[in-house]
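Tertiary structure, described
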Amino acid sequence: MPTLPTRFVALVARVVLLVAAITTCREPVAPPPVDSVLISPTNPVVVVTDTVRLTATAHDATGKTLIGRDVQWSSSDPAKAAVSSTGEVTANALGSVEITATMEQKAATTTISIVPVPVATRVNNFFTAFSWPANVYTSPIPTQPYDVSQCPENPNAPCLDDNVNVYRVQWNDVWDWQAVAKWAADPRHRGHLYTVGDDVNAGGMDGLYVVDPKRYGADYCTFVRNVQSVDPTAEFGTSMLHDNIEDWWLNDFADAVMSAYKSDRCGTKPISEWTFNVYALWSRGASAFQDYVGRQAAWVTSRPAPIGAPLVLGAWVLGWKARGDDIANDDPAYVARIREVKAWLFANRNIRSARYLLFEPWPPGQSDPHPLADAAGNLNASGRAYAEVTGRIAGPTAVRPEVTCIWTAETTGGPPPPYTYEWLVDDKVIAKRHYVAYANSGLQFALRMRVTDGNGGQSTATINVSVSSSAPSCAP
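I will try to describe carefully the structure that is included in this document. (Residues numbered from 1 in each chain as written. Predicted model: local features only at pLDDT ≥ 70, side-chain atom pairs only at ≥ 80, totals over all residues. Heavy atoms only, no water.)

Points about the pattern of salt bridges
One pass over the structure, following the stated rule, counts 13 salt bridges. Taking the shortest distance from any N to any O, the salt bridge between arginine 295 and aspartate 291 comes out at 3.2 Å. Of the two residues, arginine 295 and aspartate 291 are both situated in helix α5 (residues 285-302); the distance of 4 residues between them amounts to about one turn of the helix. Among the residues examined, arginine 295 registers a relative accessible area of 44% and is labelled partly exposed. Assessed through its relative accessible area of 44%, aspartate 291 is described here as partly exposed. (Salt bridge = Lys/Arg side-chain N within 4 Å of Asp/Glu carboxyl O. Helix = DSSP H or I, 4+ residues; strand = E, 2+ residues; numbered from the N terminus. Buried < 20%, exposed > 50% of the residue type's maximum accessible area, 1.4 Å probe, protein only.)

Some thoughts on helix α4 (residues 247-262)
In this model α4 runs 23 Å from its N-terminal to its C-terminal C-alpha over 16 residues, within 8% of the 22 Å that 1.5 Å per residue would give. Among the residues of α4, Trp249, Leu250, Phe253, Ala254, Ala256, Val257, Met258 and Ala260 are the ones counted as buried. Next to the buried residues of α4 lie α3 (213-230), β16 (235-241), β17 (273-279) and α5. Where α4 terminates, the next one or two residues include aspartate 264, which has phi positive at roughly 60°. (Expected span 1.5 Å × (residues − 1). Contact = heavy atoms within 4.5 Å.)

Regarding the sheet that holds strand β8 (residues 88-91)
One open sheet accounts for 3 strands, arranged β3-β8-β7; its pairing is antiparallel. The open sheet has two edge strands, β3 (51-53) and β7 (81-83), and neither has a second partner. Across this sheet, the average inter-strand angle for adjacent strands is 20°, counted without regard to direction. Taken together, the 3 bridges between β3 and β8 define a ladder with antiparallel strand orientation. Counterpart to arginine 53 in the pairing with β8 is glutamate 88. (Pairing = 2+ DSSP bridges. Axes fitted to C-alpha atoms, helices over the stretch in contact; angles between N-to-C directions.)

Right, dumping it as structure tokens:
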């Protein structure tokens, strides 16, 4: 057997040593330890019996996210809020619970606030109808008797309604306060609100105040003072101010009322609501209607106490034959605009209620019948567009980043509940009930709520929610 050269043997030995050295250098490096743990969402609000999924993220000393690390979840009070191995928390009872996530030797804790189930708010009689000469509708549209507006000029019409369930009683004669005071002195009539009707600045009340709003303020205050002297609970709404009114007239009237009040000549609460009539032109569109009503609603609530009060639409239409700018009552565009305007009115927090005009035919030539009623005053098939449910969203419009807030649905109109709900964030469905608890991602978002009543009527409400660290807390 041949003998290997000594030099070759030595070379092989060095190679073996080099490979061993290299192998030694490639031993596994220990992964960086967990330096901190973050839980998301932070301090969420959870409705009792609901669940919320928490996630825990591990980070090293440089702040880099570490993946593949095991997490152990625990609750400070499992009977109140239990947490699963995957971070899903079930809220069982009201109160606060600390949920802890442990990863290796590090832990983080967040506080869960468990709150009651929000109440589904129902706003009764937001949309009503003038019924003339009597209560034509009993369901699904509530009505306010309009016959009182004919007294005392019309001796055949009743003057004041004896129905103790009527909240708003209309009276068109600001000078004849004695009749109202006598009626208000009856204990059965306590708690009513007396609306001083007529379009005062558009020829109403014999046109006396068209160019003299201060005089109207003085006469209005005389009416209020004398009625409240026999019924201290009496509240008042102003005359039905017409949509052609000018700012100077409104300001002079408001100043006159305030001046009389400060001199103890305008009762204890001169104005509980401001009333406007709006006969909008169809051609100007829904935006023009909303712009006018919105400006007036902002104006009336900007007045100082005690005359700053919500706005009531005494009458509103979206196209009127008498003004020569109308659209066919059965036109789908008309019904669509009614739905749009209803949603906008209900969502405006400065508006207390809105009464639709022309629910019965008025004298020929003055106007056309209400588009949703026949000549006998009965709702036609498309009447559902007005009688259906209308919804709005109650909750914050500005929130802090990655914070959980709760929004609830408010409804008016339509048949009695229950309703079905659908909540969407940026067009993605996130809940199907009358409230939603949502933790934002740090970016502004559009929150939409759809509500459907038992007859299939539907309404959609939307709010745009901004996200800022300076936003108010939405914690309960």
